[in-house]
Amino acid sequence: MTLIDANAMGASPLRLDGPAKVTGAAPYAFEHPVDRPTYLHPIQATIARGRVAAMDTAATERLDGVLAVLTVFDAPELADTSDGELSILQDDEVHFRGQLIGAVIAETAETARHGADLVRVDYRRQPADVRFDGDRDDLYAPDEVASSFPTDTETGDLDAGLAAAAITVDQTYTTPIEHNNPMEPHACIALWHAEPEPDGTVVTLYDSTQGVHTVRKTLAPLFGLEPDQIRVISPHVGGGFGAKGAPHCHNVLAVLAAQRSGGRPVKLALTRQQMFALVGYRTPTIQRIRLGADADGRLTALAHDVIEQTAKVKEYAEQSAVPSRVMYRAPNRRTSHRLAALDVPVPFWMRAPGEAPGMFAAEVAMDELAIACGLDPIELRIRNEPPTDPDSGNPWSGRHLIDCLRRGADEFGWDTRDPEPRSLRDGDWLVGTGVAAATYPAQQSPGNAARIEFDDRYLVEIGAADIGTGTWTALTQIAADALGCPTDMVDLRIGDSALPSASVAGGSSGITSWGTAIVAAAKAFRDKYGVDPAAGSALRVEAPDNPDADKFAMHSFGAQFVEVRVNRDTGEIRVPRMLGMFSIGRAINPRMLRAQLVGGMTWGLSMALHEESVRDPRFGHVVTQDLASYHVSVHADIGDIQAHWLDEVDEHTNPMGSRGAGEIGIVGAAAAVANAVHHATGLRVRDLPITADRLL
Ligand code: MOS
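Computed from a predicted structure; not experimentally measured.

## Re the packing of helix H11 (residues 471-483) against helix H12 (residues 510-529)
- In the contact formed by H11 and H12, the axes pass within 9 Å of each other and the chain directions differ by 30°. On the basis of the axis angle, H11 is roughly parallel to H12. In terms of crossing hand, the pair formed by H11 and H12 is right-handed. Along the contact surface, H11 presents Thr471, Ala474, Leu475, Ile478, Ala479, Ala482 and Leu483, while H12 presents Ile511, Trp514, Gly515, Ile518, Val519, Ala522, Phe525 and Arg526.
- By residue class, the composition of the contact of H11 with H12 is twelve nonpolar, two polar and one charged.

As structure tokens, then:
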């Protein structure tokens, strides 16, 4: 048997799921064939706060093809109502505009939608509070942010550090509400079996999710079930970006409806508009950054204070200031997070939650400091490089930010740059370049296991997710590598909660977490059965904890370079070039790694120039609730986008030596655009998005 084939770890085989996807054979959540499907259409509140007084469903019930109507007055009861986002239809209260207050089950999707329109709802309105600003007197500190980080940190004496500084920056930056828009809207099919299946399954849920096990663990208590009584199936997902990182209220609605559909499967596909109210969004931020530096540009003080939004109905606290805890050396430091709790939907993860908005503010502030110090922005960052993690004190598992900055500068052609803003013009276009740093933590999630069986080929099973990132291919490569066999000897099975436990495809932790389990299982399999296993050999192994987890600070890093051209008459911004140089550990599949990084960078451009969800303060809903009014960048918007990475293996993160690369591509990209816009025009824009009107 050959130990290495052309598709081993580090090679770039094409996506194994590619042919099935492009030929339409790969089933997405809504498409799984089921017997006698019914269709569900939600009814959403049209007030932002108050109570539902009455729901008149008579006209709906008279419609041919309507099977049942669920309302807040007669929906099935949930066994656990502790989650304010998921506990729907249990009382008459309206917590935000767009909240689910009912649904129609019908023979066709069109009938369900028409039926939902015919339900007449009377409300008792109460004044809604949807105003997000930093002057509120009810801002509060959550117990923690991102459910594990301290809300605030303080080291040394910030005021003394600022007072001692030769140069200071004190600026406030804002980022707007942004909405995840995966190509495939959230969709599911729920089936409540009349009799439990032979394996004990009571509910089958075909879902579009980043984690089948997360879905069933979260939903089971709501329905008084054990997790293994819910089977979640999700082999293909048309993008997630965080919005599918946990079940949302539409999943609960579908399972509630499945209790009323006479044992028939219930199909639910949210519309694009419904997604803008129901499946999370990136909180807006107001971020004050204070930097103090000595005359040589060495930081004496660094403060990052963030105000964010949460929902009254359930707290979500994003970790936007957390990256500032690890980026630079500064003896006196402070970070803090404060929340405004509003009558709005619950914010949630959106690609690089925390790091993406936080590093916009932090890295624009560093650009401002570089100019104030008369230093090249790369040199400023190099002078403030921390030898160990300023937050934990631990050594880095592999911090190569300086390499990223220097190698990126070489590739980009930074050395010919005239630092003077507004110094380069090409006809009517002002030309500028900008740089920003990026970081994202390398994390392993607990609760992973893998099973391997040999027949005439290897079957490798883990309940992981491929949200378009390349999991099918990368895990096959990892398994083949660990088993010492060609990739075409391995059949991978993922995307089903009947498979061994797997953590969510989130926090750029997927490949680390699942790969660790697969490598452990492969090693155990080899130890037990040797290189020539008998047919039927099988075992299941839990992923070990990383022994280095508490000994090293494990983060990816990167440097983002951008060239912009700004029309001096119209303010139109064009981006002919983006270049990212990243340190992400080992490249498991360079083709898919590049796609992740380029996708993230493109989204960073989108964040810089376009993305903004506008909430109407009178009515409480987001008015930009479609792709005609919520603008996103696409690859074609960039002349030349390049993602590169250092050739490295991280010895401490996982057995593959990788660090995860799903999210770092977006981090810092918006700051690099803003810094390039400043270099081109001399105008410092501190509020995203950088629309043309801000440059006139
Ligand atoms: Mo990713 S936004 O952590 O799912």
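## What about the state of the cysteines?
- In this structure the tally under the stated criterion is zero disulfides.
- As a non-bridged cysteine, Cys188 has Cys249 as the owner of its nearest cysteine sulfur, 11 Å distant.
- With relative accessibility at 0%, the residue Cys188 sits in the buried group.
- For Cys249, a relative accessible area of 4% gives the class buried.

## Points about the side chain of Thr433
- Here Thr433 is to be found in strand S19 (residues 429-441).
- A residue is classified by how much of its surface remains accessible, and Thr433, at 12% relative accessible area, is buried.
- Ignoring any residue separated from it by four or fewer positions in sequence, one finds Thr433 in contact with Phe412, Trp414, Arg417, Val562, Glu563, Asn675, Ala676 and His679.

## Description of the sheet that holds strand S2 (residues 50-56)
- Strands sit in the order S4-S2-S6 across an open sheet of three strands; the sheet is antiparallel. In this open sheet, the two edge strands, each paired with only one partner strand, are strand S4 (93-94) and strand S6 (120-125).
- In terms of strand pairing, S2 meets S4 through two bridges, oriented antiparallel. Among the inter-strand pairings, Arg51 is bridged to a residue of S4, identified as Glu93.

## A closer look at the pattern of salt bridges
- Scanning the entire structure with this criterion turns up 36 salt bridges.
- A salt bridge links Arg338 to Asp152; the shortest N-O distance between them is 2.7 Å. Of this pair, Arg338 sits in strand S17 (residues 332-342) while Asp152 sits in the loop between strand S8 (149-150) and strand S9 (153-155), and the two are 186 residues apart along the sequence.
- On the basis of relative accessibility, which here comes to 25%, the residue Arg338 falls in the partly exposed class.
- Asp491 serves as the salt-bridge partner of Arg457, at 2.6 Å between the closest nitrogen and oxygen. One end of the pair, Arg457, is in the loop between strand S20 (449-454) and strand S21 (458-461); the other, Asp491, is in strand S22 (residues 490-493), and 34 residues separate them in sequence.
- Overall, Asp491 belongs to the partly exposed group, its relative accessible area being 34%.
- Three or more residues joined by partner-sharing salt bridges are found here, namely Arg451, Glu453, Glu461 and Arg493.

## Focus on the packing of helix H13 (residues 590-609) against helix H14 (residues 669-681)
- Where H13 meets H14, the axes come as close as 7 Å, and the angle between the chain directions of the two elements is 55°. Between H13 and H14, the interaxial angle falls into the category oblique. Two packed elements cross with a definite hand, and for H13 against H14 that hand is right-handed. Here Met601, Gly604, Leu605, Met607, Ala608 and Leu609 of H13 lie close against H14, whose contacting residues are Ala669, Ala670 and Val673.
- In the contact of H13 with H14, the residues fall into eight nonpolar, one polar and no charged.

## Focus: the sheet that holds strand S10 (residues 167-175)
- The sheet built from five strands is open, its strands ordered S9-S17-S16-S15-S10 with mixed pairing. If you trace the sheet from one side to the other, it starts and ends with S9 and S10, each paired once. Neighbour-to-neighbour, the strand axes of the sheet open up by a mean angle of 10°, direction not taken into account.
- With three bridges connecting them, S9 and S17 associate as antiparallel partners. Pairing of Thr153 across the sheet is with Thr335, part of S17.

## Concerning a negative patch on the surface
- Together, Asp56, Glu61, Asp74 and Asp122 make up a negatively charged patch on the protein surface.
- Mapped onto the secondary structure, Asp122 falls in strand S6.

## Points about the environment of Ala295
- Along the chain, Ala295 turns up in the loop between strand S15 (285-293) and strand S16 (299-311).
- For Ala295, a relative accessible area of 59% corresponds to the exposed category.
- Taking the C-alpha atoms as reference points, Ala295 and Phe96, 199 residues apart in sequence, are found 51 Å from one another.
- Sequence-distant contacts of Ala295, that is, excluding residues within four places in its chain, are made with Ala166 and Ile167.

## Topic: the domain arrangement of the chain
- Here the chain is described as being made up of domain 1 (18-27 + 446-542), domain 2 (32-127 + 183-239 + 245-278) and domain 3 (144-179 + 282-443 + 551-695).
- Between domain 1 and domain 3, the residue contacts involve 18 residues of the former and 18 residues of the latter.
- Surface buried jointly by domain 1 and domain 3 totals about 1,300 Å² across both partners, of which 58% is contributed by carbon and sulfur atoms.
- Along the contact surface separating domain 1 from domain 3 lie zero salt bridges.
- Counting across the interface, domain 1 meets domain 3 through five residue pairs in polar contact (both at pLDDT 80 or more).
- At the level of elements, H11 and H12 are the ones that each hand at least two residues to the side of domain 1 that touches domain 3.
- Broken down by element, the side of domain 1 that touches domain 3 gets its largest block of residues, six residues, from H12.
- Taken together, the residues that form the side of domain 1 that touches domain 3 break down as five nonpolar, 13 polar and no charged.

What counts, and where the lines are drawn
- Residues numbered from 1 in each chain as written.
- Predicted model: local features only at pLDDT ≥ 70, side-chain atom pairs only at ≥ 80, totals over all residues.
- Heavy atoms only, no water.
- Axes fitted to C-alpha atoms, helices over the stretch in contact; angles between N-to-C directions.
- Helix = DSSP H or I, 4+ residues; strand = E, 2+ residues; numbered from the N terminus.
- Parallel < 35°, antiparallel > 145°, perpendicular 65-115°, else oblique.
- Left-handed = near helix turned anticlockwise from the far one by under 90°.
- Contact = heavy atoms within 4.5 Å.
- Nonpolar A, V, L, I, M, F, W, Y, C, P; charged D, E, K, R; others polar.
- Disulfide = S-S within 2.5 Å.
- Buried < 20%, exposed > 50% of the residue type's maximum accessible area, 1.4 Å probe, protein only.
- Pairing = 2+ DSSP bridges.
- Salt bridge = Lys/Arg side-chain N within 4 Å of Asp/Glu carboxyl O.
- Patch = residues over 30% accessible without salt bridge, like charges linked within 9 Å, V, L, I, M, F, W, Y side chains within 5 Å.
- Areas by Shrake-Rupley, 256 points an atom, 1.4 Å probe, with all protein chains shown as cover.
- Lys, Arg positive; Asp, Glu negative; His and termini not counted.
- Charge placed at Lys NZ, Arg CZ, Asp CG, Glu CD.
- Domains from an automatic or database assignment.
- Buried area = accessible area lost by both parts, 1.4 Å probe.
- Polar contact = N/O pair within 3.5 Å; in protein donor to acceptor, adjacent residues only side chain to side chain.

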